[in-house]
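# Observations on the three-dimensional arrangement
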Amino acid sequence: MGIPTNTSPSSAEADQAAVEKIHAELKAWAQAHQRFLEVFLDSYVIIDPFSKVVDFNVAFTELVGESYRKILKVGLFADLLRTEFGVENCPSKQIISSRKLVRLDELSANTKAFPHLQLILSGVPIFTENDEFIGAFMTIRNVSAESELQKKYEERKKESSTDGLTKLYNKVYTESMLLRGVLGQVRGMHNLSFAISDIDFFKKVNDTYGHPAGDYVLAQVAQLLQKAARESDIVGRFGGEEFVVILANADQKGARIFSERFRNKIAETKFEFEGKVIPVTVSIGTCTLTEKDKEAAQKDGSAVCKELLTKADFALYYAKANGRNQTQQHEDLSADNQAGAGKNVAQKKPAA
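Anyway, here's the lowdown on the structure attached to this text. The structure presented is a predicted model; accordingly, all values stated were derived computationally and were not measured. (Residues numbered from 1 in each chain as written. Predicted model: local features only at pLDDT ≥ 70, side-chain atom pairs only at ≥ 80, totals over all residues. Heavy atoms only, no water.)

## Digging into the pattern of salt bridges
On inspection of all chains with the given rule, the structure shows 13 salt bridges. One salt bridge connects Lys203 with Asp207, and the closest N-O pair in it is separated by 2.9 Å. Taken together, the residues span about one helical turn, with Lys203 and Asp207 both in helix 9 (residues 202-209) at a distance of 4 residues. The two residues Lys203 and Asp207 agree in class, both being exposed. A salt bridge links Arg263 to Glu260; its shortest N-O distance comes to 2.8 Å. Taken as a pair, Arg263 and Glu260 lie in helix 11 (residues 252-268) at a separation of 3 residues, close to a single helical turn. The class for Arg263 is buried, based on a relative accessible area of 11%. (Salt bridge = Lys/Arg side-chain N within 4 Å of Asp/Glu carboxyl O. Helix = DSSP H or I, 4+ residues; strand = E, 2+ residues; numbered from the N terminus. Buried < 20%, exposed > 50% of the residue type's maximum accessible area, 1.4 Å probe, protein only.)

Below is the structure:
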């Protein structure tokens, strides 16, 4: 039996009879699957080829907030459960038009009972034994609570891994990502570099302009650093005025290019707080993972990470000790310079 399509008055009775026959076949289908439907926990609804609701369970009445009679009176699925796709692209119509299985995850919708819903909606077409399409069986799972919990989890996870002031990753998370990056380079045999930048004379900024001005400078520098980095890079704050970047697939030359671009951007930027212009520059130290480091990381990745951090810190100290507002790379330092920088870093001499 085909779906009635005639619209002339003379065919109205024939069309009505055809619709009633389809509804009878759908109810017979539901009866045949009654034992399965009785234990179905999610909301379900059976619709005809015109998206009109023919059968449903109690869970569906609770979801839409309407009585059994009202649901049948309203009729159309799209009027009972309003989705983000609107009436014209309602999931019921998608199933009818495609006559194929449809599954929609994280579907936003609303009903009389629930103004904000997150759903998993699935639908399968229903055919007669003669392979005639007569409607669809749709299941609706309300996952709003799970979605809200997941959202809160993601928010707390982000809070635990980011710095409140700058919104960059914090030290703990950045160090964990450095270890992951080192181990990843061992497997992939790619390049990886690490850069530490420090705002020059930052204590003077706080002392001269006040701590709110210092926070403003930190936030602005962090924003510029994030913009300078690629999506594949990890940008973090190590505390105080010290920022770090894990440069994925970057060799020594790439590390210098990035560092100098960022350093020049800071020097060129006008930092103005409450009408006062604050001079800001940064010093940067970098270090690049070597083949020897990759071999060592196969035995102890954490030790290699610690060594990488130490070398970049040596280079940063040397940059600050030799005039500031410059980039120094650990690979370019002589053995004597490395030793001198290391001694001063170990003694924790301030290099503001």
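## Focus: the environment of Ala30
By the element assignment, Ala30 lies in helix 1 (residues 12-32). Looking at Ala30, the relative accessible area reads 8%, which means it is buried. As for Ala30 and Val54, which are separated by 24 residues in sequence, their C-alpha atoms are 10.0 Å apart.

## Considering the packing of aromatic side chains
Scanning all chains against the criterion turns up 12 aromatic pairs. Ring centres of Phe56 and Tyr68 lie 4.9 Å apart, and the angle between their planes is 40 degrees; on these two criteria the pair is classed as tilted. On the criterion of sequence distance, the pair formed by Phe56 in strand 2 (residues 53-56) and Tyr68 in helix 4 (residues 68-74) is long-range, its members being 12 residues apart. Using a relative accessible area of 48% as the deciding quantity, one classes Tyr68 as partly exposed. Between Phe194 and Phe238 the ring centres are 6.4 Å apart and the planes differ by 55 degrees, which places this aromatic pair in the tilted class. Highlighted residues: Phe194 in strand 7 (residues 192-199) and Phe238 in strand 8 (residues 234-239), separated in sequence by 44 residues. Of note, Lys171 hangs over the ring of Phe238, and the distance from its end group to the ring centre comes to 5.4 Å. (Phe/Tyr/Trp six-rings, centres within 6.5 Å; stacked < 30°, edge-to-face > 60°. Lys NZ or Arg CZ within 6 Å of the ring centre and 35° of its normal.)

## Structural notes on empty space enclosed by the protein
Inspection of the entire model under this criterion finds 1 cavity of 30 Å³ or more. Its boundaries defined by the atoms lining it, the largest cavity holds a volume of some 50 Å³. What lines the largest cavity is Ala195, Ile196, Ser197, Leu225, Phe243, Val244, Val245, Phe258, Ser259, Phe262 and Ile284. Among the elements of the structure, strand 7, strand 9 (242-248) and helix 11 are those that each provide at least two residues to the lining of the largest cavity. In terms of residue class, the lining of the largest cavity is made up of 9 nonpolar, 2 polar and no charged. (1 Å grid on protein atoms, 1.4 Å probe; cavity = no way out; pocket = protein on both sides within 12 Å on 5 of 7 lines; lining within 4 Å. Points joined across faces, edges and corners; volume = space filled by probe spheres on them. Nonpolar A, V, L, I, M, F, W, Y, C, P; charged D, E, K, R; others polar.)

## A look at the sheet that holds strand 3 (residues 82-83)
Two pairing modes exist for strands in a sheet, parallel and antiparallel, and in both the strands are linked by backbone hydrogen bonds. Strands sit in the order 2-1-6-5-4-3 across an open sheet of 6 strands; the sheet is antiparallel. Where the open sheet ends on each side, the last strands, each with one partner, are strand 2 and strand 3. Two strands pair when backbone bridges link them, and strand 1 (residues 43-47) and strand 6 (residues 133-142) are joined in this way by 5 bridges, in the antiparallel orientation. Counterpart to Ser43 in the pairing with strand 6 is Ile140. Lying on the sheet, helix 1 is in contact with strand 1, strand 2, strand 5 (117-127) and strand 6; it crosses strand 6 at an angle near 50 degrees. Lying over the sheet, helix 6 (residues 91-98) contacts strand 1, strand 3, strand 4 (102-110), strand 5 and strand 6, oriented at roughly 155 degrees with respect to strand 4. (Pairing = 2+ DSSP bridges. Contact = heavy atoms within 4.5 Å. Axes fitted to C-alpha atoms, helices over the stretch in contact; angles between N-to-C directions.)

## A short note on the sheet that holds strand 13 (residues 327-329)
Taken in spatial order, the 5 strands line up as 8-9-7-12-13 in an open sheet, and their pairing is mixed. Since the sheet does not close on itself, it has two edges, and those belong to strand 8 and strand 13, each with one partner. For this sheet, the mean angle separating the axes of adjacent strands, direction not counted, is 20 degrees. Here strand 7 runs beside strand 12 (residues 282-288); their pairing, made up of 7 bridges, is antiparallel. Its bridge partner lying in strand 12, Ile199 is registered against Val282. Of the strands in this sheet, strand 7, strand 8 and strand 9 touch helix 10 (residues 211-228), which is tilted by about 5 degrees from strand 9.

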